[in-house]
Amino acid sequence: MLAVQRVQGNFQSPLIGAIGPIHFSWAITSDGRDVYQQSYQLQVAEYEDFSTVAYDSGMVSSEQSIGIHVHGFTFQEGRQYWVRVKVVTTDGRCSPFSEPLHIITAFTSRNWTAQFVAVDSKKETSEARYLRKDVHLSRVPIRAMAYTSALGLYEFSINGEVIGDDLFTPGWSDYKKRVLYQSRDITAYLQKGSNCLGALVGVGWYAGEIGFECNRNFYGDRTAFFCQIDLEYADGTIEQLGTDGTWRWAESPILFSEIYDGETYDANREATGWNQPGYRDDSWKSVQELPGMSDRLEPYDGMTVGVVQELAAVQHIVTPHGEHVIDFGQNLTGWVKFKVQGMKGEEVVIRHAEVLDADGNFYTENLRSAKQTIRYTLKGGPQETFHPHFSFQGFRYICLDVYPGTIELENFTAQVIHSRFDEIGGFSSSNALLNRLQHNIIWSLKGNFLDIPTDCPQRDERLGWTGDAQMFVPTAAFLADTWAFFSKWLRDLVLEQRSDGAVSNVVPNVIMDQGMIDGVVGDTFGSSAWGDAATIVPWTMYLAYGDSAILERQYESMKGWVEFIRGNATDGLIWEKSFSFGDWVALDAQEGSYLGATPVGLVSTAYYVRSTQILAQSAKILGKTADANLYADLAEKIKEAFRSRFIGSEGKPKARTQTACVLSLVFNLLLEWQKEPTVELLSTLIKENDGHLTTGFVGTPFICQALSEHGRLSEAYDLLLKQDYPSWLYQVERGATTIWEHWDGIKPDGSMWSPDMNSFNHYAYGAVGSWLYTSIAGLRIDEEYPGYKKVIVAPHIGGGLTTAEAFHHSPYGKIATSWKIIDRVVEFYLSIPPNTSAHLVLEGSDLLDGDFDLSVFTRTDSAFMAEIGSGEYHLRYIR
Ligand code: BGC
């Protein structure tokens with residue numbers, strides 16, 4: 001059966017709030033082998049039934065199914081469209097049309113008739129406010145679109161009904177430069193006669209406390225709401241409504257709501273019917289228009305946030321201190337939805353924590369100043385249900401400090417909140433601990449993808465640290481559909497980038513003063529391995545999706561970053577003068593220090609090469625030949641300088657650290673003859689440390705790769721599968737359900753790392769995920785054919801595993817592979833989608849049998865290789 005699936009616009013479906021050129025992609029499913037697309041037909045309609053077609057490409061003879069633009073048709077702003085595709089394949093079949101992709105286009109810039117309207121200007125308030133306005137419609141529109149936003153966080157309602165289920169809108173951007181808005185079709189919510197437009201607005205990232213310096217009002221001290229409604233009537237008339245000085249505001253039941261600290265809600269202060277038409281708002285106060293603020297509006301271009309999953313409470317624990325604690329069995333990001341029954345004025349007080357301490361008591365010290373506390377005052381009567389609105393918590397456990405009545409587990413549900421990516425990749429094996437590690441990687445991804453990629457979701461930080469994001473992005477891109485998510489964040493990275501090209505260490509940038517780190521004055525811009533997010537994140541997106549649009553858009557930013565480094569490097573080659581975090585929190589750091597033992601200059605110069613190479617490759621892809629040559633040449637020169645400065649006469653790094661070896665090997669900085677002494681040193685250093693790693697943020701993602709790519713596969717497995725401290729599986733053995741920030745977050749004796757920086761939900765060390773997928777399961781992108789147009793399939797069997805399997809939904813469709821080994825006989829399976837091919841490399845001595853012609857294989861001493869087209873393949877061989 002031939003079908004076209006997953007038609008996407010800018011890798012999203014539906015595509016809401018699109019501006020600028022849209023690039024389309026689709027996947028094909030087919031039961032045949034060696035199937036390629038021969039031609040496609042793409043249609044655009046303004047109505048879902050395609051009764052009239054606004055654009056028809058006709059049959060276009062092309063194999064391309066990613067990065068498709070329509071020519072000769074312009075998507076109008078502020079409209080809705082549906083797009084469908086059908087294909088003819090090389091085996092002569094024609095598919096039916098796909099399910100349509102729904103698109104809502106937004107406005108690039110617009111003279112909004114509505115204004116942002118602000119409530120009072122109490123600088124220190126953490127209260128949320130109601131805003132409302134009754135509007136009269138003399139007839140029902142055939143189409144009504146709402147464009148809504150806030151300075152703060154908002155929930156928008158019409159006639160008492162909350163519109164949409166997106167949370168934490170309008171999203172976090174640098175509000176001083178751009179404020180995002182949501183675009184929604186609200187036709188079904190409006191009625192003839194009176195209608196009420198209502199909003200509940202909290203302080204959020206805009207005016208609440210944000211950043212480890214705990215600043216308030218970072219972007220402004222007055223929360224405000226914006227709403228513009230475009231009505232279209234059957235006779236073609238257009239009417240516009242929206243926020244203006246006639247709106248009214250009042251205090252709400254949310255007496256306190258802060259991202260870090262939780263929410264305080266008094267149900268007795270609910271104004272019944274406040275967002276219904278006809279409510280008497282005479283006692284409410286007038287809003288104030290904020291002229292000019294709407295100039296900052298841009299359509300939301302990220303991945304919407306919502307409740308994605310619910311977890312039931314698993315256990316009620318009474319701790320040695322007598323605390324009533326509920327365990328949800330999983331460390332997560334979100335909030336608790338609870339039910340309670342009691343008397344008017346009684347209270348519920350709930351605190352949140354990630355772990356219990358060594359004695360089994362509720363542990364909150366690692367939250368630093370974040371309170372993560374929910375206070376709810378009952379109105380009394382029938383059972384009441386509550387969850388917070390504008391605050392999220394990082395937790396596995398909750399402590400019921402105050403709760404009327406008996407504690408019943410069924411009254412508590414953890415609602416997991418994150419950006420709504422599709423889970424497009426997975427991995428499992430015969431090793432249960434490894435599977436648990438994989439589980440923890442996914443949960444740290446979920447826990448830290450809430451509109452922006454954060455370091456952690458629990459303490460008074462939760463920031464878009466660039467270093468963490470660039471280290472984790474290859475793993476994230478395998479597991480989750482992250483194009484829109486990173487695309488939005490990269491726009492903000494550009495907005496925060498300094499005119500000299502320096503990238504801020506967090507995006508959006510809310511840190512004014514990094515403070516001292518190990519006696520060195522920190523900087524808020526320009527750390528190596530952090531700022532390199534500017535090149536590595538777009539490059540990873542390009543490789544994963546095969547669409548160069550992201551390189552095109554980010555090119556000047558990428559170049560700016562490389563030029564910033566060049567300007568700060570000695571002779572333009574060795575970068576060691578300015579502040580960088582180095583191999584952050586590596587175990588070879590001196591006692592009490594955050595900076596690992598690897599010289600910061602080595603880390604910085606290695607990353608300088610990496611970014612310069614990415615820039616050169618990007619320039620080549622974009623046809624910028626002069627830049628491509630310039631930066632390719634520069635990269636070679638930096639490599640040479642790196643070798644003379646950091647590599648000794650014996651061919652190995654002068655600095656005897658694991659990370660020095662890892663970067664030299666994986667970033668390909670060495671001459672051929674230097675690789676063996678360097679991997680030998682790495683192996684020695686691991687042995688000297690009793691078979692353990694000492695690497696920090698920078699070395700850890702690549703240490704297994706450095707070993708396996710240089711003939712030390714079994715050592716890579718040994719390291720990965722170590723169960724004692726420090727290792728990935730040590731934390732698994734200790735019951736971790738997410739990835740920890742520190743190898744010794746909880747030490748073998750049960751004590752904790754210093755509470756000043758001890759997150760239990762930090763994806764950075766989860767970057768090893770990439771090695772599980774690319775080496776154990778063996779699915780790799782061929783950089784010449786990005787987007788998995790051609791996939792390199794080269795599993796590395798070892799570590800005593802008897803099975804491993806992985807899948808990934810590439811933009812072309814689903815790739816799946818598995819192997820099972822019994823007495824050296826490997827049963828291998830591979831499925832690759834139409835319109836792609838695979839380069840297969842199987843390490844073994846004899847092919848036994850398969851369900852396809854095995855004469856396609858060529859062989860070397862230790863492996864078999866073949867180029868194969870789409871389809872499913874089974875094969876047995878001797879390892
Ligand atoms: C964060 C890290 C971050 C680091 C940089 C920490 O506080 O949690 O993940 O990259 O600071 O210094």
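These figures come from a predicted structure and were not determined experimentally.

J.: Tell me about the site of the ligand, and name the residues and values.
T.: Neighbouring the ligand are the residues Asp455, Arg459, Glu461, Trp465, Asp468, Trp530, Phe581, Trp584, Phe697, Glu741, Met757 and His762. Within the side chain of Glu461, one N or O atom sits 2.6 Å away from an oxygen atom of the ligand. Within the side chain of Asp468, one N or O atom sits 2.5 Å away from an oxygen atom of the ligand. Within the complex, 97% of the 310 Å² of free accessible area of the ligand lies under protein. Grouping the amino acids of the shell around the ligand by side-chain chemistry returns 6 nonpolar, 1 polar and 5 charged.

J.: How would you sum up the nonpolar core? Please name residues and give values.
T.: Ranked by internal contacts, the top residues of the largest apolar core, which has 231 residues, are Phe168, Phe412, Leu720 and Ile776. Dropping the residues within four chain positions of it, Phe412 is found in contact with Ala313, Ile326, Phe328, Val336, Lys337, Phe338, Ile350, Ile398, Leu400, Tyr403 and Ile407. If you look at the next biggest cluster of nonpolar residues, it comprises 26 residues, including Val119, Phe156, Phe225 and Tyr233.

J.: Mind laying out the pattern of salt bridges, listing which residues take part and the relevant values?
T.: Between side chains of opposite charge, a pair can form as their charged atoms come close. Scanning the entire structure with this criterion turns up 53 salt bridges. Through salt bridges that share partners, Asp120, Glu127, Arg129, Glu251, Arg269 and Lys285 make up one connected network.

J.: Give me the packing of aromatic side chains: which residues, what numbers.
T.: In the structure shown here, the tally under the stated rule is 71 aromatic pairs. Summarising the aromatic geometry, the rings of Phe338 and Phe386 are spaced 5.9 Å apart at their centres and angled 55° between planes, so their arrangement reads as tilted. Separated by 48 residues along the polypeptide, Phe338 in strand β26 (residues 324-340) and Phe386 in strand β31 (residues 384-386) bring together distant segments of the chain. Its relative accessible area of 1% is what places Phe338 among the buried residues. When its relative accessible area of 4% is taken as the criterion, Phe386 is described as buried. Ring plane angle 50° and centroid distance 6.1 Å describe the contact between Phe852 and Phe857, whose orientation is recorded as tilted. By the burial criterion, Phe852 is buried, and Phe857 matches it. A network of ring pairs unites the aromatic residues Phe212, Trp465, Trp530, Phe579, Phe581, Trp584, Tyr594, Phe697, Trp728, Trp743, Trp753 and Tyr765 as a single cluster. Directly above the ring of Trp249 sits Lys285, whose terminal nitrogen or CZ lies 4.5 Å from the centroid.

J.: Help me get a handle on the pairing of strand β4 (residues 37-45), residues and values and all.
T.: With 8 of its 9 residues buried, β4 lies for the most part within the structure. Summarising the sheet, β4 and strand β6 (residues 60-61) pair through 2 bridges and their orientation is antiparallel. Within β6, the position partnered with Ser39 by the bridge is Ser61. As defined by bridge partners, β4 adjoins strand β5 (residues 53-56) across 3 bridges and the pair is classed as antiparallel. By the bridge assignment, Gln43 is partnered in β5 with Asp56.

J.: Hey, could you go over the sheet that holds strand β21 (residues 285-286) for me, with residue numbers and the actual values?
T.: Strands pair in a sheet through their backbones, by hydrogen bonds, and they do so in one of two ways: parallel or antiparallel. The antiparallel open sheet is built from 6 strands, whose spatial order is β13-β12-β15-β10-β18-β21. With partners counted over all chains shown, the strands left at the sheet margins are β13 (161-162) and β21, one partner each. Where strand β12 (residues 153-158) lies against strand β15 (residues 193-202), 6 bridges are found, and the strand directions are antiparallel. Directly across from Leu153, in β15, lies its bridge partner Gly202.

J.: Describe the side chain of Thr659, and please don't skip the residues or the numbers.
T.: Examined against the element boundaries, Thr659 turns out to sit in helix α9 (residues 658-666). Judged by its relative accessible area of 0%, Thr659 falls in the buried class. Separated by 2.6 Å, the side chains of Thr659 and Asp583 make a polar contact. If we skip the residues at most four places from it in the chain, Thr659 touches Asp583, Thr598, Thr695, Gly696, Val698 and Gly699.

Rules used in this analysis
Residues numbered from 1 in each chain as written. Predicted model: local features only at pLDDT ≥ 70, side-chain atom pairs only at ≥ 80, totals over all residues. Heavy atoms only, no water. Near = heavy atom within 4 Å. Polar contact = N/O pair within 3.5 Å; in protein donor to acceptor, adjacent residues only side chain to side chain. Areas by Shrake-Rupley, 256 points an atom, 1.4 Å probe, with all protein chains shown as cover. Nonpolar A, V, L, I, M, F, W, Y, C, P; charged D, E, K, R; others polar. Core = buried A, V, L, I, M, F, W, Y, C linked by side-chain atoms within 4.5 Å. Buried < 20%, exposed > 50% of the residue type's maximum accessible area, 1.4 Å probe, protein only. Contact = heavy atoms within 4.5 Å. Salt bridge = Lys/Arg side-chain N within 4 Å of Asp/Glu carboxyl O. Phe/Tyr/Trp six-rings, centres within 6.5 Å; stacked < 30°, edge-to-face > 60°. Helix = DSSP H or I, 4+ residues; strand = E, 2+ residues; numbered from the N terminus. Lys NZ or Arg CZ within 6 Å of the ring centre and 35° of its normal. Pairing = 2+ DSSP bridges.

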